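# Structural overview for review
Residue strings, one per chain:
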Amino acid sequence: ADVMVVDWFYYTKMGQMDLDPKFWPDPTAMNKQLHDMGFETMISVWPRFTPESRYFAELKEKGWLIHKADGTPINGLPYDRAGSDIDTTNPEAAAWYWKTIRDNILSKGFDSIWADETEPDLPPNGSYYHIGPGTQYYNVYPLLHTKALYDGFRKDEPAKRALILSRDAYLGVQRNGAIVWSSDIYPTWDTLKRQVPTGLNFAASGITYWSNDTGGWQYLPAKHHPAHPPLLDPSDARDNVGGYDDYPELYTRWFQYATFLPIMRAHGSRRTNEVWSYGKQAEPILEKYLRLRYQLMPYIYSLGYQTWLNGAPYMRALPLDFPSDPNVADLRDEYMFGPAFLVAPVTEQGATSRKVYLPAGTDWYNYWTNERLKGGQTITVAAPIDTIPLFVRAGSILPLGSEVESTHQQQLIAKVRVYPGADSGFTLFSDDGMTYAYEKGAGSVTQLHWDDSKQQLTHQGAAAWSGVDSGIVEVVGR
């Protein structure tokens, strides 16, 4: 685990910009302890201020709240009178907002910000921003709101990368250090199924860093009995999943899918949400995929470097990689994760197999069995509950990392796995992981090249490991 997140309601009042001392007696010491354990901390900060909070009068007097035509600040929806939104389209208000968060919250040792409710929640029709009518500038708030935070980070924390988890997006938020998620989704199989094309569409807009609440955010129904016998026993997780018999199965399938998202996050309205929270049968499967995620970190981090260079998304619909294959034109339940992986999540309850189309123009390897298959065909692949269908494109070079508890630990390249069948290359990138020094050329770049005719892997640039003769290179099928 890398980041522990504090959600809302830690304050005494919405907009008070404090931590309730009854529950948070010493947040600075807490953050120091968590940092010593290898965790970073992120904290939710809402842009809303109730009339009773300490800054409301000042913000109203200066006209820094989103308001109606007569100047009255907006105040949520009829069921949600939780305060007025600060107008961060106003540069002065934006600078004030950052400074207030910095001085009152980040100064306690928190590393990053969860910018929740960046819509704003009340649709802006009939309201006014500093830049003009909400009806005209309807959806720009997330862009300018995250910009206020990003600009503040870059100015006041220049040695530390800005990280902002934003509930909403507008074209361009990717330049503000923002990652985005699909909001407060339901814990159902249908929702899981629809997350796959949702993420692909989102990534196609140019905003790469997308995720969802693994397992769904909304509260679990009191009872749910599936049409098929659950593949995982829920009986020893009843205090967490209640009468939702197939929830450990759903969570496990969702967790497998989340392993191959740009951002892997576990969040939701369960009592507990660790890998041991869903029963003894689910636990080793969840652990398997959590370890796999960290093993793939050299590959994943290198994808981030490519995103910075050219905007290439991590997860992408198949037409981007296989434009000449008409069979992938509207295929919504499979995707590429970087240049190597074809991911086919299981989204049907009780399923232990699924059909997978392997795009034409290349051979494919079953990641779990190393079986080599021809592209351009649909196959039925086994998918027991501990297995997500996962294939690797022939010619792929896959750097795998040593086992670490978090990315704050130094991770060595434990193995470079090559899947023969085509000439290929891969750019392996590594740096301090914490600063913006890469913008000025810092970091190590290793160009890996596989010559299929010679069955030989070579590399140029920085030495990413000590010697090719050390057994670090593994050629699948050899």
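### Focus: the packing of helix H8 (residues 283-295) against helix H9 (residues 297-310)
Their axes nearest at 5 Å, the elements H8 and H9 cross at an angle of 55 degrees. The angle between H8 and H9 falls in the class oblique. Taking contact as the criterion, the partners of Arg293, Tyr294 and Gln295 in H8 are, on H9, Met297, Pro298 and Ile300. By residue class, the composition of the contact of H8 with H9 is four nonpolar, one polar and one charged.

### Observations regarding the pairing of strand E25 (residues 456-461)
Of the pairings in the sheet, the one linking strand E24 (residues 444-451) to E25 comprises six bridges and is antiparallel in character. Pairing of tryptophan 450 across the sheet is with leucine 457, part of E25. The hairpin turn running from E24 into E25, its antiparallel successor, is four residues long, and glutamine 455 in that turn takes a positive phi close to 55 degrees.

### A closer look at the side chain of serine 53
For serine 53, the location among the structural elements is in the loop between strand E3 (48-49) and helix H2 (56-62). By relative accessible area, serine 53 is classed as buried at 5%. At 2.6 Å, the side chain of serine 53 forms a polar contact with the backbone oxygen of threonine 50. Not counting residues up to four positions away in its chain, the partners in contact with serine 53 are Lys13, Met14, Gly15 and Gln16.

### Here we look at empty space enclosed by the protein
Rolled over the atoms, a probe sized like a water molecule indicates the empty space that remains. Taken as a whole and assessed by the stated rule, the structure comprises one cavity of 30 Å³ or more. Space inside the largest cavity adds up to approximately 60 Å³. If you go around the largest cavity, the residues you meet are Tyr10, Tyr11, Gly15, Met17, Asp18, Ser44, Val45, Trp46 and Ile105. Residues that form the lining of the largest cavity fall into these classes: six nonpolar, two polar and one charged.

### What about the sheet that holds strand E23 (residues 424-430)?
Within the open sheet, the three strands sit side by side as E23-E24-E25. Their pairing is antiparallel. The open sheet has two edge strands, E23 and E25, and neither has a second partner. Put simply, the sheet's adjacent strands are angled 20 degrees from each other on average, direction ignored. Direction of pairing for E23 relative to E24: antiparallel, over a ladder of seven bridges. If you follow threonine 427 over to E24, its bridge partner there is glutamine 447. Together, E23 and E24 form the strand contacts of H9, whose direction differs from that of E23 by roughly 90 degrees.

### So, the packing of aromatic side chains
Summed over all chains, the structure comprises 33 aromatic pairs. Geometrically, the ring pair formed by tyrosine 436 and tyrosine 438 is tilted, given 6.1 Å between the ring centres and 40 degrees between the ring planes. Since its relative accessible area comes to 16%, tyrosine 438 is described here as buried. These aromatic residues form a ring-pair network of at least three members: Tyr209, Phe260, Tyr289, Tyr299, Tyr314, Phe337, Phe341, Tyr367, Trp368 and Phe426. Lying over the aromatic face of tyrosine 436, arginine 154 brings its terminal NZ or CZ to 3.5 Å of the ring centre. Positioned above the aromatic ring of tryptophan 368 is the side chain of lysine 288, whose terminal nitrogen or guanidinium carbon lies 4.4 Å from the ring centre.

### Concerning unusual backbone geometry
In this structure, phenylalanine 9 is a non-glycine residue whose phi angle is positive, near 70 degrees. Mapping phenylalanine 9 onto the fold places it in the loop between strand E1 (3-6) and helix H1 (27-36). We classify phenylalanine 9 as exposed; its relative accessible area is 57%.

### Examining helix H4 (residues 141-156)
Here H4 is 16 residues long and its end C-alpha atoms lie 23 Å apart, about the 22 Å a rise of 1.5 Å per residue gives. Listed in full, the buried residues belonging to H4 are Tyr141, Pro142, Leu143, His145, Thr146, Ala148, Leu149, Tyr150, Gly152 and Phe153. Turning to H4, the residues buried within the fold contact strand E4 (84-85), helix H3 (91-104), strand E5 (112-115), strand E6 (128-129), strand E8 (164-166) and strand E9 (178-181).

### As for the nonpolar core
Within the largest apolar cluster, 65 residues are counted, with the highest numbers of intra-cluster contacts made by Phe260, Tyr299, Tyr335, Phe337 and Phe341. With seven residues, helix H7 (residues 247-258) is the largest single contributor of residues to this core. By size, the runner-up hydrophobic cluster in this structure holds 41 residues, among which are Met14, Leu106, Tyr141 and Tyr305.

### As for H3
Count 3.6 residues to each turn of an α-helix, and residues three or four apart come out pointing the same way. In a regular helix each residue adds 1.5 Å, so 14 residues correspond to 20 Å; H3 covers 20 Å between its end C-alpha atoms and thus fits that length. Sitting at the amino-terminal end of H3 is asparagine 90, which places a side-chain oxygen 2.9 Å from the backbone nitrogen of glutamate 92.

### Some remarks on the environment of glutamate 405
With respect to the helices, strands and loops of the structure, glutamate 405 is situated in the loop between strand E21 (397-401) and strand E22 (413-418). The exposure class assigned to glutamate 405 is exposed, which follows from its relative accessible area of 54%. Counting along the chain gives 114 residues from glutamate 405 to arginine 291, while the straight-line C-alpha distance between them is 9.0 Å. Excluding its chain neighbours within four sequence positions, the residues that come into contact with glutamate 405 are Ala1 and Tyr294.

### So, the environment of glycine 461
Tracing the sequence through the fold places glycine 461 in strand E25. Under the relative-accessibility criterion, glycine 461 is labelled exposed at 63%. For the pair glycine 461 and leucine 428, spaced 33 residues apart in sequence, the C-alpha separation works out to 9.8 Å.

Calculation notes
Residues numbered from 1 in each chain as written. Predicted model: local features only at pLDDT ≥ 70, side-chain atom pairs only at ≥ 80, totals over all residues. Heavy atoms only, no water. Axes fitted to C-alpha atoms, helices over the stretch in contact; angles between N-to-C directions. Helix = DSSP H or I, 4+ residues; strand = E, 2+ residues; numbered from the N terminus. Parallel < 35°, antiparallel > 145°, perpendicular 65-115°, else oblique. Contact = heavy atoms within 4.5 Å. Nonpolar A, V, L, I, M, F, W, Y, C, P; charged D, E, K, R; others polar. Pairing = 2+ DSSP bridges. Buried < 20%, exposed > 50% of the residue type's maximum accessible area, 1.4 Å probe, protein only. Polar contact = N/O pair within 3.5 Å; in protein donor to acceptor, adjacent residues only side chain to side chain. 1 Å grid on protein atoms, 1.4 Å probe; cavity = no way out; pocket = protein on both sides within 12 Å on 5 of 7 lines; lining within 4 Å. Points joined across faces, edges and corners; volume = space filled by probe spheres on them. Phe/Tyr/Trp six-rings, centres within 6.5 Å; stacked < 30°, edge-to-face > 60°. Lys NZ or Arg CZ within 6 Å of the ring centre and 35° of its normal. Expected span 1.5 Å × (residues − 1). Core = buried A, V, L, I, M, F, W, Y, C linked by side-chain atoms within 4.5 Å.

Any functional reading would require information that these geometric values do not contain.
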